[in-house]
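# Working through the structure, step by step
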Amino acid sequence: MTETKSRDTVLQTRNLQKSYGTKGNTQQVLKGIDLHVARQEFVGIMGPSGSGKTTLLNVLATIDRATDGSITMEGSDISGLKDKELAAFRRNHLGFIFQDYNLLDTLTVKENILLPVSLNKMSKRAAEKEFHEIAGVLGIEELANKYPHEISGGQKQRTAAGRALIHLPSIIFADEPTGALDSKSASSLLGTMEDINRKRDVTIIMVTHDPVASSYCNRVVFLKDGKVYSELYRGDKTRQAFFKEIMDVQAVLGGDHVDSL
């Protein structure tokens, strides 16, 4: 953990636990997760089915509440926030990219991207400026007036990424963002996410089962049976070398096999 702690910590959990069920019939999914995420890291979370990776993402993203332990984001302990306070924190500090896009079919690409800023205090002029900058980076500016049914899956996911970025969040949570994409669209999206992470000072935490996707990250955290099993840092390694290391750990844990990048 030394490498992460030495930088500005944007998210920290202590003894994070999550159980489901009722008293006498509970299933503990997260079993004491201690995690530090530094500002501007691109962190992948991997693990076999049932390891707790999706539950962890949902708890960190404030979609679900932990049973025990603490979560600190941007220096604030959000564990005890009431629903209204949590909603405001989520709206101001967090962005989300989901596997199934979650776009509104009745809104254009531009309207979908601008939706989050309609709920906060960003001026119309600032919102327009951010839209053109983000849409330009994502390569979808020419799609601004199209509707979701008129664009490809890759373009829909880029629109979702734009929506996640428009309100200048501290952290973006991505849940299998390439799961519904072909390999070319997936590589293009991941390369763009990597670029955004570097240039826009945005921290990204991504759950994925795909070692190719994880090879774009700075660090990969592996879960097993609701606990942190191991971590890998990319450092100065090539993406191909990092991919191989990820595959080696995944082979020990068990998981989907991927032959190469």
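Residues numbered from 1 in each chain as written. Predicted model: local features only at pLDDT ≥ 70, side-chain atom pairs only at ≥ 80, totals over all residues. Heavy atoms only, no water.

Most of helix H2 (residues 53-60) sits out of view: six of its eight residues are buried. Considered for burial, the residues of H2 that qualify are Lys53, Thr55, Leu56, Leu57, Val59 and Leu60. Immediately downstream of H2, the backbone of Thr62 shows phi near 65°, a positive value. (Buried < 20%, exposed > 50% of the residue type's maximum accessible area, 1.4 Å probe, protein only. Helix = DSSP H or I, 4+ residues; strand = E, 2+ residues; numbered from the N terminus.)

Extensive coverage of strand S9 (residues 219-224) is indicated by the burial of five of its six residues. Across four bridges, the pairing between strand S3 (residues 42-46) and S9 is parallel. The partner of Gly44 across the bridge, within S9, is Val220. Taken together, the six bridges between S9 and strand S10 (residues 227-233) define a ladder with antiparallel strand orientation. Among the inter-strand pairings, Lys224 is bridged to a residue of S10, identified as Lys227. If you look at the hairpin formed by S9 and S10, you'll find two residues sitting between the two strands, and Asp225 has a positive phi there, around 50°. (Pairing = 2+ DSSP bridges.)

Attention now goes to unusual backbone geometry. For Leu168, which is not glycine, the phi dihedral falls at a positive 55°. Tracing the backbone shows Leu168 in the loop between helix H6 (153-165) and strand S7 (171-175). Phi is positive for Asp201, close to 55°, though the residue is something other than glycine. Note on placement: Asp201 falls in the loop between helix H7 (183-199) and strand S8 (203-207). Using a relative accessible area of 41% as the deciding quantity, one classes Asp201 as partly exposed.

Read these as geometric descriptors, not functional statements.
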